[in-house]
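Each chain, written out:
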Amino acid sequence: MARHLKRAVELGLEAITIEGGLIAPEQVQSIAAAARDAKLAASYDVPKGLTLPDEISRYFRIGQGIWRDYARIDVPTTTIRA
């Protein structure tokens, strides 16, 4: 098993692969374990009537759309914007 997959399994996060060192696995685990309550949602400026999981799902879908457009480019560069 690849090292990063082993680490993800140890964290109990089957859908997340830890690659590189941008966010430490311990920080990812801390984020995943945080209580998703109104106080936490307020700290992220979640609009009233929405929950933190709603916003996470929304931004994930936005990211998927941007990536889909980027993947269609013949010669992608870091300067191309969606």
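Shown above is the structure to which this text applies.
Note that this is a predicted model, so its numbers are computed, not measured.

## Describing the overall build of the chain
Broken down by element type, the chain carries four helices and zero strands. Listing each helix as α and each strand as β along the chain from the N terminus yields α-α-α-α. Residues classed as buried in the chain amount to 13% of the 82 residues present. Accessible area of the chain: about 7100 Å², with a carbon and sulfur share of 57%.

## Digging into a nonpolar patch on the surface
On the surface, Tyr-59, Ile-62 and Ile-66 cluster together into a nonpolar patch covering about 290 Å² of accessible area. Residue placement: Ile-62 occurs in helix α4 (residues 52–71).

## Remarks on the environment of Gly-12
With respect to the helices and strands, the residue Gly-12 is situated in the loop between α1 (3–11) and α2 (25–33). Separated by 20 residues in sequence, Gly-12 and Ala-32 place their C-alpha atoms 9.7 Å apart.

## Looking at the pattern of salt bridges
All told, the structure shown has two salt bridges when counted by the stated rule. In this structure, Glu-55 engages Arg-58 in a salt bridge whose closest nitrogen and oxygen atoms are separated by 3.3 Å. Linking Glu-55 with Arg-58, this pair stays in helix α4, spanning three residues, or about one helical turn. With relative accessibility at 36%, the residue Arg-58 sits in the partly exposed group. We note a salt bridge from Arg-72 to Asp-69, for which the minimum N-O separation is 3.2 Å. For Asp-69, a relative accessible area of 39% translates into the label partly exposed.

## Considerations on the packing of aromatic side chains
One pass over the structure, following the stated rule, counts one aromatic pair. Relative to Tyr-70, the ring of Trp-67 lies with its centre 5.5 Å away and its plane at 35°, an arrangement referred to as tilted. Of this pair, Trp-67 and Tyr-70 both sit in helix α4, three residues apart, which is roughly one turn of that helix. Relative accessible area serves as the criterion here: at 25%, Tyr-70 is assigned to the partly exposed category. For the cation-ring pair, Arg-58 lies above Tyr-59, with the distance from its terminal atom to the ring centre recorded as 4.9 Å.

Calculation criteria
Residues numbered from 1 in each chain as written. Predicted model: local features only at pLDDT ≥ 70, side-chain atom pairs only at ≥ 80, totals over all residues. Heavy atoms only, no water. Helix = DSSP H or I, 4+ residues; strand = E, 2+ residues; numbered from the N terminus. Buried < 20%, exposed > 50% of the residue type's maximum accessible area, 1.4 Å probe, protein only. Areas by Shrake-Rupley, 256 points an atom, 1.4 Å probe, with all protein chains shown as cover. Patch = residues over 30% accessible without salt bridge, like charges linked within 9 Å, V, L, I, M, F, W, Y side chains within 5 Å. Salt bridge = Lys/Arg side-chain N within 4 Å of Asp/Glu carboxyl O. Phe/Tyr/Trp six-rings, centres within 6.5 Å; stacked < 30°, edge-to-face > 60°. Lys NZ or Arg CZ within 6 Å of the ring centre and 35° of its normal.

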